[in-house]
Amino acid sequence: MKLQRNGRSKALAIGAVALVSSLSLAACGTDDNTAPAGGSSSGAATSAAAIACAKGGQLLGAGSTAQGNAVDVWKAAYGSACSGTTITYGGGGSGAGITQFNQGKVAFAGSDSALKPAEVDASKAVCTGGQGVNLPMVGGLISIVFNVEGVDKLVLDGPTTAKIFDSQITKWNDPAIAALNPGVNLPAADIQAIHRSDDAGTTENLTKYLAKAGGGNWKYPAAKTWAGQGGQSASGSAGVSAQVKQVKNSISYVELSFAQTNKLNSAAISTGASKPVEATAANGATTFAKAKIAGTGSDLALTLDYATKDEGAYPIVLVTYEIVCDKGNKADSLDLLKSFLTYTISDNGQQAIGQSGYVPLPKELSAKVQAVVPTLA
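Definitions and cut-offs
- Residues numbered from 1 in each chain as written.
- Predicted model: local features only at pLDDT ≥ 70, side-chain atom pairs only at ≥ 80, totals over all residues.
- Heavy atoms only, no water.
- Helix = DSSP H or I, 4+ residues; strand = E, 2+ residues; numbered from the N terminus.
- Buried < 20%, exposed > 50% of the residue type's maximum accessible area, 1.4 Å probe, protein only.
- Contact = heavy atoms within 4.5 Å.
- Areas by Shrake-Rupley, 256 points an atom, 1.4 Å probe, with all protein chains shown as cover.
- Disulfide = S-S within 2.5 Å.
- Axes fitted to C-alpha atoms, helices over the stretch in contact; angles between N-to-C directions.
- Parallel < 35°, antiparallel > 145°, perpendicular 65-115°, else oblique.
- Left-handed = near helix turned anticlockwise from the far one by under 90°.
- Nonpolar A, V, L, I, M, F, W, Y, C, P; charged D, E, K, R; others polar.
- Lys, Arg positive; Asp, Glu negative; His and termini not counted.
- Salt bridge = Lys/Arg side-chain N within 4 Å of Asp/Glu carboxyl O.
- Polar contact = N/O pair within 3.5 Å; in protein donor to acceptor, adjacent residues only side chain to side chain.
- Pairing = 2+ DSSP bridges.
- Core = buried A, V, L, I, M, F, W, Y, C linked by side-chain atoms within 4.5 Å.

Side note on the overall build of the protein
Scanning the protein for helices and strands turns up 14 helices and 13 strands. By residue count, 56% of the 377 residues in the protein fall in the buried class. Within the protein, counting contacts between residues at least 6 apart in sequence, those at least 24 apart form 76% of the total. Here the protein displays about 14600 Å² of accessible surface, and carbon together with sulfur accounts for 51% of that area.

Structure, rendered in structure tokens:
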């Protein structure tokens, strides 16, 4: 089940552009003046209108902090429409979420990277008669955020970014950075590079980019655990964002949603296209439009092109998967799990988080997830 034919790739592209364009068409007007974190009250109320509620109950999830703002939007909309339900999502990072899922502590885990074979094997102990599968739910892009005195716009490329995060480039006025930013007055200040301290899918996706586009300057395998030399660390997307905001001449990586919420500057990326690519949802959608499905059956894990040189395609993207059992879900939360996921992958659910800096998934991909959710057992 691979998205390889030109016609299907074209359909993905059309779907991605249509969804991004449709964000401005979301209906306005609500009597609810409570805005969810990272979103708007009108977006939550609008998306709530089409929710088919479960009878009630409690649903527990944990994991990716990258999708934290998205889950806040969804919880507000679902809770507004569906009385008697409680949805609790704890962060902790993708690694922690998968661990809790495979221990049977949560009904779903959010992860910014697909399950590894060993994690799938471990999931069979809690998914009676089945196993954990990856359902793409939240499209996003990773902003290279910076707080450099006197600099509002910055261009970086793969090799330079790899050297910065591995302490091979340590000054902001280094010739490699200056060459990418002619006319910019870069300070002769030490670079304060900040990375995630917790195991994070965001880190894995960034390091996949550095491994693919870093020109051999990133000598570590892509992984959730940070391996670069030097630098400071902070926990979670919120922690990293706060650190960059506080520390002068700093640089780090967070999802666009957190960059926007914290009013952080994002670097444009030189990919080999005719001009550097800005960190925008529309440019992320261009990359997602060419994603291919690598999983089989109910597993919809994706392959993303981190080395893209397509015009307007932002290369550092991530998808957050909701990891669930294809069979063997707990009976007391199954109906609520299916109801909630049916909403989150709906057009309304995707448009709602699009207003918070995320990238709505292409319609053809969303349709595949929508077909799997009702089959969960």
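What follows picks up the thread again.
A closer look at unusual backbone geometry
Positioned with a positive phi, Ser 167 is a non-glycine residue whose angle comes to about 60°. Mapped onto the elements, Ser 167 comes out in the loop between helix H6 (158-165) and helix H7 (175-180). Its identity as a non-glycine residue notwithstanding, Asn 249 has a phi of 60°, on the positive side.

Here's the deal with the environment of Ala 211
Within the secondary structure, Ala 211 is located in helix H8 (residues 201-213). Considering only alpha carbons, one finds Ala 211 and Pro 221, ten residues apart in sequence, at a separation of 7.2 Å.

A short note on the state of the cysteines
A covalent bond bridging the sulfur atoms of two cysteines is what the word disulfide describes. Applying the stated criterion across every chain, the model contains two disulfides. Linked covalently through their sulfurs, Cys 53 and Cys 82 form a disulfide whose S-S length is 2.0 Å. Judged by the sign of its S-S torsion, about -80°, the cystine formed by Cys 53 and Cys 82 is left-handed. Here Cys 53, found in the loop between helix H2 (41-48) and strand S1 (57-63), pairs with Cys 82, found in the loop between helix H3 (68-81) and strand S2 (85-92); they are 29 residues apart in sequence, far enough to count as distant. Taking the relative accessible area as the measure of exposure, Cys 53 reaches 37% and is therefore partly exposed. The disulfide that involves Cys 127 links it to Cys 325, with 2.0 Å between the sulfurs. Looking along the S-S bond of the Cys 127-Cys 325 disulfide, the torsion reads about -70°, which is the left-handed sense. Here Cys 127 is found in the loop between helix H5 (117-123) and strand S4 (132-147), whereas its partner Cys 325 is found in strand S13 (residues 317-325), with 198 residues between them in sequence.

Side note on H6
In terms of residue burial, H6 counts as a mostly covered element, since six of its eight residues are buried. Looking at H6, one finds that the buried residues are Gly 158, Thr 160, Thr 161, Ala 162, Ile 164 and Phe 165. Looking at the buried side of H6, the elements it contacts are S4, strand S5 (155-157), H7, strand S6 (192-196), H8 and strand S8 (250-255). Following H6 by one or two positions, Ser 167 has its phi on the positive side, about 60°.

Remarks on the packing of H3 against helix H13 (residues 347-354)
Relative orientation of the contacting elements H3 and H13 amounts to 130°, with a least axis distance of 9 Å. With respect to H13, the element H3 is oriented oblique. You can see that H3 and H13 cross each other, and the crossing is right-handed. Judged by residue contacts, Ala 70, Val 73 and Trp 74 of H3 engage Gly 349, Gln 350, Ala 352 and Ile 353 from H13. Split into classes, the residues belonging to the contact of H3 with H13 amount to five nonpolar, two polar and no charged.

Observations regarding the side chain of Glu 119
Topologically, Glu 119 is positioned in helix H5. Here Glu 119 is buried and forms no salt bridge, its nearest opposite-charge partner Lys 224 lying at an N-O distance of 4.0 Å.

Structural notes on the side chain of Ser 113
Relative to the elements of secondary structure, Ser 113 occurs in the loop between strand S3 (108-111) and H5. Note on Ser 113: relative accessible area 2%, which makes it buried. Of note is the side chain of Ser 113, whose polar atom sits 3.3 Å from the side chain of Lys 224.

Describing the environment of Ala 96
With respect to the element layout, Ala 96 can be found in helix H4 (residues 94-102). Put simply, Ala 96 and Ser 64 are 32 residues apart on the chain and 8.3 Å apart in space, counted from C-alpha to C-alpha.

Quick word on the pairing of S3
Every regular strand shows the same layout, with side chains that alternate between the two sheet faces. By the alternation rule, side chains of S3 split into Phe 108 and Gly 110 and Ala 109 and Ser 111, which are all buried. As paired elements, S1 and S3 share three bridges and run parallel to each other. Note on S3: the bridge partner recorded for Ala 62 is Ala 109. Direction of pairing for S3 relative to S13: antiparallel, over a ladder of three bridges. Its bridge partner lying in S13, Gly 110 is registered against Glu 322.

Side note on the nonpolar core
Ranked by internal contacts, the top residues of the largest apolar core, which has 102 residues, are Tyr 78, Leu 135, Ile 144, Leu 154, Ile 251 and Leu 341. The leading source of residues in this core is S4, at nine residues. Residues within four places of Leu 341 in sequence aside, it is in contact with Leu 135, Met 137, Glu 322, Val 324, Val 373 and Leu 376.

Focus on the packing of H3 against helix H12 (residues 331-344)
Packing of H3 against H12 brings their axes to within 11 Å, and their N-to-C directions diverge by 115°. The handedness of the crossing between H3 and H12 is right-handed. Across the interface between the two elements, Trp 74, Lys 75, Ala 77 and Tyr 78 of H3 pack against Leu 336, Ser 339, Phe 340, Tyr 343 and Thr 344 of H12. Split into classes, the residues belonging to the contact of H3 with H12 amount to six nonpolar, two polar and one charged.

Re the pattern of salt bridges
Tallied over the full model, the rule gives eight salt bridges. Lys 290 is paired through a salt bridge with Asp 310; the nearest N and O atoms lie 2.8 Å apart. Of this pair, Lys 290 sits in the loop between helix H11 (281-288) and strand S11 (292-293) while Asp 310 is found in the loop between strand S12 (302-303) and S13, placing the two residues 20 residues apart along the sequence. Residue Asp 310 is classed as partly exposed on the basis of its relative accessible area, which comes to 30%. In this structure, a network of salt bridges that share partners links the residues Lys 116, Glu 204 and Lys 224.

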